[in-house]
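Here is what each chain is made of, one letter per residue.
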Amino acid sequence: MKNVFKKMILAVMTAALVFAAFPATSAFAQGENPPTTNGEVSNEKLEKAWARQLKLYNNLGKGFEDIDAQIAKFQKRIDKAAENGKDVTALQAALDAFEAALKSSKPVYDSLEAIVNAHNGFDADGKVTDAAQAKSTVQALGAKLKEVKSSMDGTGKALREAFKAFREANKPPKSDS
């Protein structure tokens, strides 16, 4: 028994020594674009930020596209539910708030087009041509995107949640057939 215990202690100590010989953290080589100092941003980061912002801009455009038809579709669903005797006051309030927010944020969205079309500091492919201009363009577009988001004030999410709550509250009863 004493011999087995000594062998187990020896094995544990050997394993601990092997693991201690290797570092616990990884070291990474510095990339092509080293981190900059003095608040400067690398061209790669600017290009990624620009691409991300353009994607947001395009997605917003799809959302604003034919919005009157979407609102009419929602209104038709609400009217049909009201005709069936359902309480639609929360739905109607959420739709009205969403519509008002859309109308107030549409001019802000439209002003984004000038920044995107000018794309100061970037070429047509989204590559940085002038880092200082690119940085100010990214900042300006970011500020406008935040303005659109704040003017919407979460009304889109509130509308989705209102419809979800309405569906949950008005589920058809389960049949036992």
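Residues numbered from 1 in each chain as written. Predicted model: local features only at pLDDT ≥ 70, side-chain atom pairs only at ≥ 80, totals over all residues. Heavy atoms only, no water.

Participant: Could you give an account of the confidence of the model for the protein chain, with specific residues and numbers?
Facilitator: Scored by pLDDT, the protein chain has a mean of 82; 76% of the residues are at 70 or more. For the protein chain, the element scoring lowest by mean pLDDT is helix α1 (residues 2–21), at 60; helix α5 (residues 131–152) scores highest, at 91. (pLDDT = per-residue confidence, 0-100. Helix = DSSP H or I, 4+ residues; strand = E, 2+ residues; numbered from the N terminus.)

Participant: Report on the pattern of salt bridges, specifying residues and quantitative values.
Facilitator: Considering all chains together, one arrives at 6 salt bridges under this definition. In this structure, K127 engages E47 in a salt bridge whose closest nitrogen and oxygen atoms are separated by 3.9 Å. Within this pair, whereas K127 is found in the loop between α4 (89–118) and α5, its partner E47 is found in helix α2 (residues 43–64), the two being separated by 80 residues in sequence. Among the salt bridges present, the one from K144 reaches E147, with a minimum N-O distance of 3.9 Å. Taken together, the residues K144 and E147, both in helix α5 and 3 residues apart, mark about one turn of the helix. (Salt bridge = Lys/Arg side-chain N within 4 Å of Asp/Glu carboxyl O.)

Participant: Account for the nonpolar core, naming residues and giving values.
Facilitator: By size, the foremost hydrophobic cluster in this structure holds 34 residues, and its most contacted members are L91, L102, L112, F122, L141 and L159. The set of elements that each furnish at least two residues to this core consists of α2, α3 (67–83), α4, α5 and α6 (155–169). It is α4 that provides the largest number of residues to this core, a total of 11 residues. Sequence-distant contacts of L102, that is, excluding residues within four places in its chain, are made with F64, I67, I71 and M152. (Core = buried A, V, L, I, M, F, W, Y, C linked by side-chain atoms within 4.5 Å. Buried < 20%, exposed > 50% of the residue type's maximum accessible area, 1.4 Å probe, protein only. Contact = heavy atoms within 4.5 Å.)

Participant: Residues and numbers for the packing of α4 against α5, please.
Facilitator: Between α4 and α5, the least distance of the axes is 8 Å, while the angle of their chain directions is 170°. Regarding the angle of α4 to α5, the classification is roughly antiparallel. Facing F98, A101, L102, S104, S105, V108, Y109, S111, L112, I115 and V116 of α4, the residues of α5 in contact are T137, A140, L141, K144, L145, E147, V148, S151 and M152. (Axes fitted to C-alpha atoms, helices over the stretch in contact; angles between N-to-C directions. Parallel < 35°, antiparallel > 145°, perpendicular 65-115°, else oblique.)

Participant: Which residues make up the side chain of S105, and what are the values?
Facilitator: Here S105 shows up in helix α4. Discounting residues that sit within four places of it in the chain, S105 has contacts with F64, V148, S151 and M152.

Participant: Just give me the short version of the environment of R160, but keep the residues and values in it.
Facilitator: If you trace the backbone, R160 turns up in helix α6. R160 sits 65 residues away from L95 along the chain, and the two C-alpha atoms are 9.5 Å apart.

Participant: Tell me about the environment of G63, and please be specific about residues and values.
Facilitator: Its place among the elements puts G63 in helix α2. For G63, a relative accessible area of 40% gives the class partly exposed.

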